[in-house]
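Observations on the model geometry
Okay, here's what each chain looks like letter by letter:
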Amino acid sequence: MDLSYTPREEEFRARLRAWLATALPGLPAEPPRDDWPARRAYDLGWQRMLYDAGYAGVHWDSSPVLRLIFLEETERAGAPYVGANFVGLLHAGPTIAAEGTAEQRARWLPPILRGEQVWCQGFSEPDAGSDLASLRTRAWRDGDCYVVTGSKIWTSHAEVADWCELLVRTDPDAPRHRGISWLAMPMDAEGVTVRPLRTLAGTAEFAEVFLDEVRVPVAHRVGEENDGWRVTQVTLSFERGTAFAGEVVACRRVLASLARAARENGRWDDPVRRRALVRLEAEFRALWRLVQWNVSEAEASGGVPGAGGSVFKLRYSHARQELYDTAADVLGADALDLDRPWVPDRLSALAYTIAAGTSQIQRSIVAERILGLPRGR
């Protein structure tokens, strides 16, 4: 594994950095955090700018190393994140690129890259969160369509989404990991009801989605029927492996601002707080190296991250929580000001040990797939 960058990769970095310096000053003001229709328009507008500049395809058409440089530089420059379309760009899109047919790739990938469509993820259910294979949403064949009935929860940005990457049970009699299929469902289909869920931070980026005999064309199935669990592992490998790379850079930026704040308010003089900040700096440097390791592994295996993504996700989830706990200690009463942009990030950090697979699930994956330990009962 080589963690250094080639001259070509450094040239890409310099070119991207120069473009960002020109493009970012012309962006409109960012909408309020809880106005998701406006956020959708803002996020898709940024995606269109990337497309017109030739950078939109970095997510799928470039090497994992160039993808990493792209995330690093955009985050360091303070560019908008993928926002409302993170499922399309970081989960569904890469899955379709890896597992979809030529027709499916031609249909769904260009609109995502051009900033024309938003996707959401219909995986979790009220009784199938960490144990995703126990999902009950049912789909049965009726001619050229599946008829889908059930419900999903924690569906990110469902109220502003055009499409949903949906897991359904197509064979209720098969072992639970073998009777699942991966569908692309239009969110405007008859029988789809979206009910937003308000979070502790006061925003409504999650929703419940109810499906009442929704008809989804068989042509919208990615992968073979009942092979959805394998396809889902591809989706989750992207979600856990490289999708958080930009956030590591963001956390390092937050950490630097905390160090400045500690020096200004006198709390840097406390050796316990100072040691906590320095230890977190080492932690996030190590996590960045782990990201590079996972990217190198993905590049060697055709672009799909491996089980190392679970190692990263497990440690990153807890490090992020430690970062914002330390931030609260450094800032004192200011940590309670919800108008400060980073405070909702602290609240959202509490969910990171649950989202994209709980820490308990990640430990099981590491134990079984990396360490070769026997499967627990």
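Residues numbered from 1 in each chain as written. Predicted model: local features only at pLDDT ≥ 70, side-chain atom pairs only at ≥ 80, totals over all residues. Heavy atoms only, no water.

**Things to note about the packing of aromatic side chains**
According to the stated counting rule, one finds 7 aromatic pairs in the structure shown. Between the aromatic rings of phenylalanine 12 and tyrosine 55, the centroid separation amounts to 6.0 Å while the plane-to-plane angle is 70°, which identifies the pairing as edge-to-face. One end of the pair, phenylalanine 12, is in helix H1 (residues 7–23); the other, tyrosine 55, is in the loop between helix H2 (36–53) and helix H3 (58–61), with 43 residues separating them in the sequence. An angle of 50° between the planes, with centres 5.4 Å apart, marks the rings of tryptophan 19 and tyrosine 55 as tilted. Here tryptophan 19, found in helix H1, pairs with tyrosine 55, found in the loop between H2 and H3; they are 36 residues apart in sequence, far enough to count as distant. One aromatic cluster in this structure is built from Phe12, Trp19, Trp46 and Tyr55. Here arginine 141 stacks its cationic end above the ring of tyrosine 146, 5.6 Å away from the centre of that ring. Across the ring face of tryptophan 268, the terminal group of arginine 263 is positioned such that the distance to the ring centre comes to 4.2 Å. (Phe/Tyr/Trp six-rings, centres within 6.5 Å; stacked < 30°, edge-to-face > 60°. Helix = DSSP H or I, 4+ residues; strand = E, 2+ residues; numbered from the N terminus. Lys NZ or Arg CZ within 6 Å of the ring centre and 35° of its normal.)

**Digging into helix H4 (residues 64–76)**
Look at H4: 18 Å from first C-alpha to last across 13 residues, which is about the 18 Å you get at 1.5 Å a residue. Burial within H4 is extensive, with 12 of its 13 residues counted as buried. For H4, the set of buried residues is Pro64, Val65, Leu66, Arg67, Leu68, Ile69, Phe70, Leu71, Glu72, Glu73, Thr74 and Glu75. Positive phi appears at glycine 78, one or two residues downstream of H4, with a value of about 75°. (Expected span 1.5 Å × (residues − 1). Buried < 20%, exposed > 50% of the residue type's maximum accessible area, 1.4 Å probe, protein only.)

**Focus on the nonpolar core**
One finds Phe12, Phe70, Val248, Leu258, Phe284 and Leu323 to be the most contacted residues of the largest nonpolar core, which totals 40 residues. For this core, the secondary-structure elements that each account for two or more residues are H1, H2, H4, helix H8 (245–265), helix H9 (271–300) and helix H10 (308–331). Broken down by element, this core gets its largest block of residues, 9 residues, from H8. Counting 23 residues, the second-largest nonpolar core is a separate cluster that includes Ile96, Leu132, Leu167 and Trp182. (Core = buried A, V, L, I, M, F, W, Y, C linked by side-chain atoms within 4.5 Å.)

**Let's talk about the packing of H4 against H8**
When two helices pack together, you describe them by how their axes are tilted relative to each other and by the distance separating the axes. H8 packs onto H4 with a crossing angle of 35° between their chain directions and a minimal axis gap of 8 Å. Of the two elements, H4 crosses H8, and the hand of that crossing is right-handed. Judged by residue contacts, Leu68, Leu71, Glu72, Glu75 and Arg76 of H4 engage Ala245, Gly246, Val249, Ala250 and Arg253 from H8. Class assignment for the residues of the contact of H4 with H8 results in 5 nonpolar, 1 polar and 4 charged. (Axes fitted to C-alpha atoms, helices over the stretch in contact; angles between N-to-C directions. Left-handed = near helix turned anticlockwise from the far one by under 90°. Contact = heavy atoms within 4.5 Å. Nonpolar A, V, L, I, M, F, W, Y, C, P; charged D, E, K, R; others polar.)

Keep in mind these values describe shape, not function.
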